[in-house]
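Report on the structure
The residues making up each chain are set out below.
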Amino acid sequence: MSIHSTLRMVPALFLMGTIFFLSNIPGDQLNLPYFPGMDKIAHGGIYGLLASAVLFALQPRWRRNFPFKAICLTVFFCIFYGITDEFHQSFIPGRSPDIFDVFADSIGAFLCSLFWWRFIWRDIKNR
C-alpha cells in the first residue's frame, strides 16, 4: 500500500473520529438547538459525508471499474459504523441507541453514494 493510498483514508478516519467524539458526549452536556427531525437530518448529513470520504478512500481505478461494488461496500461500511456508534452510545450517560438513527445514517450514506454514481461516475465513464 502506497503512502498516497494511505493518505486517501485520512478524511474517513477524521469523520469516524468526529462521530465517535460527538457520540461520547453525555446527554446532559449536549447543547444543540432543537427543531423536529434535526437529529435525523444531522445523522443523515454526517453519514453522507462519511460515505463520500469512504468513496474517496477507495482506489480510483477499482471505484471506476466496479461502481456497484463501490456503492455497496460504502453503504455497508457506513451502516456497520452506524450500528457500532449506536452500541457505543448505550454506554454513555443520558444517551441511548436508536434504530431510527441507523436508518438515517443509512439513508445519508445511500443518497451520497447514489449522487456519486449519478453525477460523478457517469461523467467519468462518458469521457
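Relevant structure appears above.
The following refers to the structure shown. Remember, predicted model here, so these are calculated numbers, not experimental data.

**Remarks on helix H5 (residues 67–89)**
In this model H5 runs 33 Å from its N-terminal to its C-terminal C-alpha over 23 residues, within 8% of the 33 Å that 1.5 Å per residue would give. Restricting attention to buried positions, one finds in H5 the residues Pro-67, Ala-70, Ile-71, Thr-74, Val-75, Cys-78, Tyr-81, Gly-82, Asp-85, Glu-86, His-88 and Gln-89.

**Re the layout of surface pockets**
Reported here for the largest pocket is a volume of approximately 630 Å³. Those elements giving two or more residues to the lining of the largest pocket turn out to be helix H2 (10–23), helix H3 (38–57) and H5. In terms of residues, the lining of the largest pocket owes the most to one element, H3, which gives six residues.

**Quick word on the state of the cysteines**
Applying the stated criterion across every chain yields a total of zero disulfides. For Cys-72, which is in no disulfide, the shortest distance to another cysteine sulfur is to Cys-78 and amounts to 12 Å. Left without a disulfide partner, Cys-78 is nearest to the cysteine sulfur of Cys-112, which lies 8.0 Å away. Judged by relative accessible area, which is 0%, Cys-78 ranks as buried.

**Things to note about the packing of H2 against H3**
Running from N to C, H2 and H3 point in directions that differ by 155°, and their axes come no closer than 8 Å. Considering the angle they form, H2 stands roughly antiparallel to H3. Between H2 and H3 lies a crossing of left-handed hand. On H3, the residues that touch Pro-11, Ala-12, Leu-15, Met-16 and Ile-19 of H2 are Ile-46, Tyr-47, Leu-49, Leu-50, Ala-53, Val-54 and Phe-56. Taken together, the residues of the contact of H2 with H3 break down into 12 nonpolar, no polar and no charged.

**Quick word on H2**
A rise of 1.5 Å per residue sets the reference length of H2, with its 14 residues, at 20 Å; its end C-alpha atoms lie 20 Å apart and thus fit the reference within 8%. Along H2, the residues that are buried comprise Ala-12, Leu-15, Met-16, Ile-19 and Ser-23. Across the axial projection of H2, the buried residues extend over an arc of 100°, all falling on one side. The outward face of H2, more than 90 degrees from its buried face, is lined by the exposed residues Leu-13, Phe-14 and Phe-21. The inward-facing, buried residues of H2 contact H3 and H5.

Cut-offs applied
- Residues numbered from 1 in each chain as written.
- Predicted model: local features only at pLDDT ≥ 70, side-chain atom pairs only at ≥ 80, totals over all residues.
- Heavy atoms only, no water.
- Helix = DSSP H or I, 4+ residues; strand = E, 2+ residues; numbered from the N terminus.
- Expected span 1.5 Å × (residues − 1).
- Buried < 20%, exposed > 50% of the residue type's maximum accessible area, 1.4 Å probe, protein only.
- 1 Å grid on protein atoms, 1.4 Å probe; cavity = no way out; pocket = protein on both sides within 12 Å on 5 of 7 lines; lining within 4 Å.
- Points joined across faces, edges and corners; volume = space filled by probe spheres on them.
- Disulfide = S-S within 2.5 Å.
- Axes fitted to C-alpha atoms, helices over the stretch in contact; angles between N-to-C directions.
- Parallel < 35°, antiparallel > 145°, perpendicular 65-115°, else oblique.
- Left-handed = near helix turned anticlockwise from the far one by under 90°.
- Contact = heavy atoms within 4.5 Å.
- Nonpolar A, V, L, I, M, F, W, Y, C, P; charged D, E, K, R; others polar.
- Arc of directions from axis to C-beta.

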